[in-house]
Amino acid sequence: MLKKLLEADEVGLRLEWVGGLPLWEAHPTYRHQKAVDRIRGSIRPKEGEACGCVHVADVYIRFPDGSYKRPDIAIFCREPEELDEAITQIPEAVVEVVSRGYEAKDLEIAPRFYLSQGVKDVVIFDPYTLLVLHLRQDGAYRHISPVELELSSCRLTV
């Protein structure tokens, strides 16, 4: 499956396989990538936590249900073992930056999926409206960027 997903990447499509359904979007814009870089630069461990807050951007993760997703940012407490294939370790948190034309994928499909797969914190940032959604099993919280968020093990500024 990963080979087919990577072939789509070669023709300019980001393809994901979620719950048996293919989802695609065009490669991100400069605005999108600037937001990802800015957020990644702010990620740090919470005081007193042993989490390494290892973060990667736009890497395939194979989830327990067989789905393949490429979160804009995935945050792990320890370095993933897989170097040349899809990561199978569940991220502690994911951050998705909304892309124009793909709002349903980023706002409706992704949060429910990630939470159902054991991701503790899901952060969705819309760079056009500055809306920040922080979703956890215990609820959803709305903010306006810039905002500092305290995740399960890390902190970041969106």
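Here the structure is a predicted model, which is why all the values come from computation and not from measurement.

(A) Looking closely at the overall build of the protein. Summing up its helical and strand segments, the protein has three helices and 13 strands in all. Computed over C-alpha atoms, the radius of gyration of the protein comes to 15 Å, within 12% of the 15 Å expected from 2.2 N^0.38 for 158 residues, which places it in the range of a compact globule. Dimensions of the protein, computed from the C-alpha atoms along their principal axes, are close to 40 × 35 × 25 Å. Taking all 158 residues of the protein together, 48% fall into the buried category. Considering only intrachain contacts with a sequence separation of at least 6, the fraction spanning at least 24 residues in the protein is 52%. Summing over all exposed atoms, the protein offers an accessible surface of approximately 8200 Å²; the carbon and sulfur share of this is 52%. Each charge class in the protein can be summarised by its mean position, and for the 20 positive and 26 negative side chains these summaries are 3 Å apart.

(B) Just the pairing of strand β13 (residues 154–157), in detail. What you see with β13 is a clean split: C154 and L156 sit on the buried side and R155 and T157 on the side with no burial. Bridge analysis of strand β12 (residues 148–150) against β13 gives three bridges, and the strand direction is antiparallel. Note on β13: the bridge partner recorded for L149 is L156. In sequence, β12 turns back onto β13 through a hairpin of three residues.

(C) Quick peek at helix α1 (residues 2–10). Along α1, the positions that sit buried rather than exposed are L2, L5 and A8. With its buried residues spanning 120 degrees around the axis, α1 presents them on a single face. Across α1 from its buried face, at more than 90 degrees, point the exposed residues K3, K4 and E10. The inward-facing, buried residues of α1 contact β1 (13–18) and β6 (68–69). Note on α1: the residue one or two positions beyond its end, G12, has a positive phi of about 95 degrees.

(D) Seen up close, the state of the cysteines. Tallying each qualifying case throughout the model produces two disulfides. Disulfide pairing is shown between C51 and C77; the S-S distance is 2.2 Å. Residues C51 and C77 share a disulfide whose torsion about the S-S bond is about -105 degrees; that sign makes it left-handed. With C51 in the loop between β3 (44–45) and β4 (54–57) and C77 in the loop between β7 (73–76) and β8 (93–97), this pair connects stretches of sequence that are 26 residues apart. Put simply, C53 and C154 are joined by a disulfide, and their sulfur atoms are 1.9 Å apart. On the S-S bond that ties C53 to C154, the torsion sits near -110 degrees, and the link is left-handed. With C53 in the loop between β3 and β4 and C154 in strand β13, this pair connects stretches of sequence that are 101 residues apart. For the residue pair C53 and C154, the accessibility class agrees, reading buried in each case. For the protein, the bonded cysteines pair up as 1-3, 2-4 when numbered in the order they occur along the sequence.

Basis of the calculations
Residues numbered from 1 in each chain as written. Predicted model: local features only at pLDDT ≥ 70, side-chain atom pairs only at ≥ 80, totals over all residues. Heavy atoms only, no water. Helix = DSSP H or I, 4+ residues; strand = E, 2+ residues; numbered from the N terminus. Rg over C-alpha atoms; globule rule 2.2 N^0.38 Å. Buried < 20%, exposed > 50% of the residue type's maximum accessible area, 1.4 Å probe, protein only. Contact = heavy atoms within 4.5 Å. Areas by Shrake-Rupley, 256 points an atom, 1.4 Å probe, with all protein chains shown as cover. Lys, Arg positive; Asp, Glu negative; His and termini not counted. Charge placed at Lys NZ, Arg CZ, Asp CG, Glu CD. Pairing = 2+ DSSP bridges. Arc of directions from axis to C-beta. Disulfide = S-S within 2.5 Å.

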